[in-house]
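Chain by chain, the residues run as shown.
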Amino acid sequence: MFKKTWLMMTLAAIMLVLAACGSGNNAEETGSAVEEPATAASEIVIKASNWEFDQAEYKIKKGEATKISVETKSGIHGILIEDLGVKIQSGDAEVVTINEPGTYTFFCNIQCGAGHSKMKSTIVVE
Ligand SMILES: [Cu+2]
């Protein structure tokens, strides 16, 4: 855990340096793509542990901006909703609006150990 945090901070520092060097005259645009979680109409929380998600399905209303939060109770996990191209690490959240009803399977996208391949759940949009 500690090592990982250190690595992330180092990477962040490197990115900052690179960004500072390469920004040139479009520095103004930095940060324009940041998500605004406050605009979500509803929220679901996906709790991950070793080695499962707390629910077999999570429900979202179609067309409604929904904040998806990922929390970790044990281990280090994240989710990847392949069909939507959405990736969220534990401790993070993302606001998504899904207009197409259906069942979207997602997986843990971090090699978290022996039960990793069993970490699978679904988001049902209706
Ligand atoms: Cu995993």
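Here the structure is a predicted model, which is why all the values come from computation and not from measurement.

Asks: Would you mind going over the coordination of the copper ion with me for this structure?
Replies: Ideal values differ by geometry: the angle at a metal is 109.5 degrees with four tetrahedral donors, but 90 or 180 degrees with six octahedral donors. Surrounding the copper ion are the protein donor atoms Cys108 (SG), Ile110 (O), Cys112 (SG) and His116 (ND1), at 2.0 to 2.3 Å. Given 4 donor atoms and angles of 78 to 129 degrees at the metal, the environment of the copper ion is assigned as irregular. Here the donor residues of the copper ion are spaced in sequence according to C-x1-I-x1-C-x3-H.

Asks: Mind showing me how you'd approach the sheet that holds strand β3 (residues 57-60) here?
Replies: Strands belonging to one sheet form pairs held by backbone hydrogen bonds; the direction of such a pair is parallel or antiparallel. Spatially, 5 strands are ordered β3-β9-β8-β5-β6 in an open sheet, and the strand pairing comes out mixed. Since the sheet does not close on itself, it has two edges, and those belong to β3 and β6 (86-89), each with one partner. On average, adjacent strands in this sheet sit at an angle of 25 degrees to one another, irrespective of strand direction.

Asks: What should I look at first to understand the sheet that holds strand β2 (residues 52-53) in this one?
Replies: The strand order across the open sheet built from 4 strands is β2-β1-β4-β7, with neighbouring strands paired in mixed fashion. Strands at the two margins of the open sheet, each flanked by one partner only, are β2 and β7 (93-96). Taken together, the 7 bridges between strand β1 (residues 42-49) and strand β4 (residues 66-72) define a ladder with parallel strand orientation. By the bridge assignment for β4, serine 42 is matched with threonine 66.

Asks: What am I meant to see in the side chain of serine 69 here?
Replies: Among the secondary structure elements, serine 69 is positioned in strand β4. Exposure remark for serine 69: the relative accessible area of 9% places this residue in the buried category. When near neighbours in sequence (up to four residues on either side) are disregarded, serine 69 contacts Glu43, Ile44, Val45, Ile46, Asp92 and Ala93.

Asks: Please explain the environment of glutamate 57 as it appears in this structure.
Replies: Within the secondary structure, glutamate 57 is located in strand β3. For the pair glutamate 57 and threonine 103, spaced 46 residues apart in the sequence, the C-alpha separation amounts to 8.9 Å. Ignoring sequence-local partners within four residues, the contact set of glutamate 57 consists of Ser121, Thr122 and Val124.

Here is what the cut-offs are and how they apply
Within each chain, residue numbers correspond to sequence positions counted from 1 in written order. It should be noted that, the model being predicted, local features are given only for residues of pLDDT at least 70 and side-chain atom pairs only at 80 or more, the latter also being counted only at that level, while totals for whole chains, interfaces and linings use all residues. Excluded from the side-chain calculation are hydrogens and water; included are all heavy atoms of the structure. Sodium, potassium and calcium take a 3.2 Å donor cutoff, other metals 2.8 Å, and in both cases only N, O and S atoms count; water is not among them, so sites may look incomplete. Irregular is the label for any site that misses the other tests, which are tetrahedral for four donors with all angles between 85 and 135 degrees, and square planar for four donors or octahedral for six when opposite donors exceed 155 degrees and the remaining angles lie between 65 and 115. Only strands that DSSP links by at least two bridges are regarded as paired with each other. In this description a helix means any DSSP run of H or I spanning at least four residues, a strand means any run of E spanning at least two, and both kinds are numbered starting from the N terminus. Lines fitted to C-alpha atoms define the axes, with helix axes restricted to the stretch in contact, and inter-axis angles between N-to-C directions lie between 0 and 180 degrees. Only protein chains enter the accessibility calculation, which uses a 1.4 Å probe. A residue is then buried if its area is under 20% of the maximum for its type, exposed if over 50%, and partly exposed in between. Working rule for contacts: check all heavy atoms of both residues, and any pair within 4.5 Å makes them a contact.

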